[in-house]
Amino acid sequence: MAGIPGLLLLLLLLLLCAVGQVSPYGAHWKPTWPAYRLPVVLPQSTLNLGKPDFGAEAKLEVSSSCGPQCHKGTPLPTYEEAKRYLSYETLYANGSRTETQVGIYVLSSGGRQESSGKSRRKRQIYGYDSRFSIFGKDFLLNYPFSTSVKLSTGCTGTLVAEKHVLTAAHCIHDGKTYVKGTQKLRVGFLKPKFKDGGRGANDSSSAMPEKMKFQWIRVKRTHVPKGWIKGNANDIGMDYDYALLELKKPHKRKFMKIGVSPPAKQLPGGRIHFSGYDNDRPGNLVYRFCDVKDETYDLLYQQCDAQPGASGSGVYVRMWKRQQQKWERKIIGIFSGHQWVDMNGSPQDFNVAVRITPLKYAQICYWIKGNYLDCREG
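Residues numbered from 1 in each chain as written. Predicted model: local features only at pLDDT ≥ 70, side-chain atom pairs only at ≥ 80, totals over all residues. Heavy atoms only, no water.

Note the following rule: UniProt positions are given in the numbering used here, feature names are shortened, and annotations may be inferred rather than shown by experiment.
Taking an unreviewed UniProt entry as the reference, the protein chain is identified by name as Serine protease 23 belonging to Lynx pardinus. The record in UniProt for the protein chain states the following under Subcellular location (unreviewed entry): "Secreted". The Sequence similarities (unreviewed entry) comment attached to the protein chain in UniProt states, word for word, "Belongs to the peptidase S1 family."

Right under this line is the structure:
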């Protein structure tokens, strides 16, 4: 394939990734996880970088004026551009930093823009507030809600392996440098706080939900794709607003696997789900679900009610796993934040999630597993 032009190679890659999708025909059809032939993203070289200054202010949301039509009109990256965007920085707990260049292989079958004009409300609630605060240890400590964790920078993350947390890149990096507190980044696990050995919110005699506390685990290292850093949260940068955190010790909780994002029309009911720590409900885990309104290759546009603080939440769906003959939830995206979009002179707002594409799946899976052979199924 050495002689194939970069863009043609990438288009071939996308065609390969679409093989095996299931069509919803038949009276007993179930929404089924598509089968993909996945690419391989492998490190090629690693360079040492200087220590960052950790000077950025943590922002719990990212806005961009480039909406669905803008993104749909953007050309797909060439092969060389895709390699550049999927290269990544790794930050270690001691403050050291590296940059890793990657190669992309196809195997055979086996800056944020400021909005102009008058200020607009940042509430991100569409009509009736459809969010649900999750109370009581019987819910909070059980799957899938137990996979949601809080970052010390104020965002949300999701457990995706024994020691790994998936979140939004802007929760730790503003596109130019790392945010304050990232060198001592911690992940908080919500736990019930019983008073006097007392009973929790599930006791029918309790009028108030039990108070909660967090148990914190330090982060050993973080990975951020260069597509986010080079893009600086503008245009294509929004497509790469994701990061992976590795904890210093296992969390010992059930986690949710990542998966390749199916087309919106294949999602059960066309809906997505996610839980996060919205900043208008301190100490509460807030769950919501909603319909997908539009999509591009890299982004899902929806109007799930959300507040800053929910950024970094894992967006998930539950579909049928044909090989194991069972239902399975997987994370198919990362909730990024709020966008105002100029639609023919009329402002319209969306909440945006970054889709886990085949290339992103291959990259994130390799970050977790360290072996591409364990990343052949999305």
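Observations regarding the state of the cysteines
Convention followed: Any two cysteine sulfur atoms within 2.5 Å of one another count as a disulfide. Secondary structure elements are taken from DSSP: a helix is a run of H or I of four residues or more, a strand is a run of E of two residues or more, and numbering for both begins at the N terminus. Burial status follows relative accessibility: with a 1.4 Å probe on protein chains alone, a residue under 20% of its type maximum counts as buried, one over 50% as exposed, and anything between as partly exposed.
Taken as a whole, this structure holds two disulfides when the rule is applied. Paired by a disulfide, C155 and C171 hold their sulfur atoms 2.2 Å apart. The sign of the -90 degrees torsion about the S-S bond sets the C155-C171 disulfide as left-handed. With a gap of 16 residues between them, C155 in the loop between β5 (148-151) and β6 (156-159) and C171 in the loop between β7 (164-167) and β8 (186-192) connect regions that are remote in the sequence. By the burial criterion, C155 is buried, and C171 matches it. At a sulfur-sulfur separation of 2.1 Å, the disulfide partner of C365 is C375. Here C365 and C375 share a disulfide; its torsion about the S-S bond, -90 degrees, makes the bridge left-handed. One end of the pair, C365, is in helix α6 (residues 358-369); the other, C375, is in the segment after α6, and 10 residues separate them in sequence.

Some remarks on unusual backbone geometry
Across residues other than glycine, the phi torsion is negative in most instances, and most of the peptide bonds are trans. Phi at F54 takes a positive value of approximately 50 degrees, unusual for a residue other than glycine. One can find F54 in the loop between β1 (40-49) and α2 (68-72). Here K252, not a glycine, exhibits a phi torsion of approximately 65 degrees, which is positive. As for its placement among the helices and strands, K252 is situated in the loop between β10 (243-247) and β11 (271-276).

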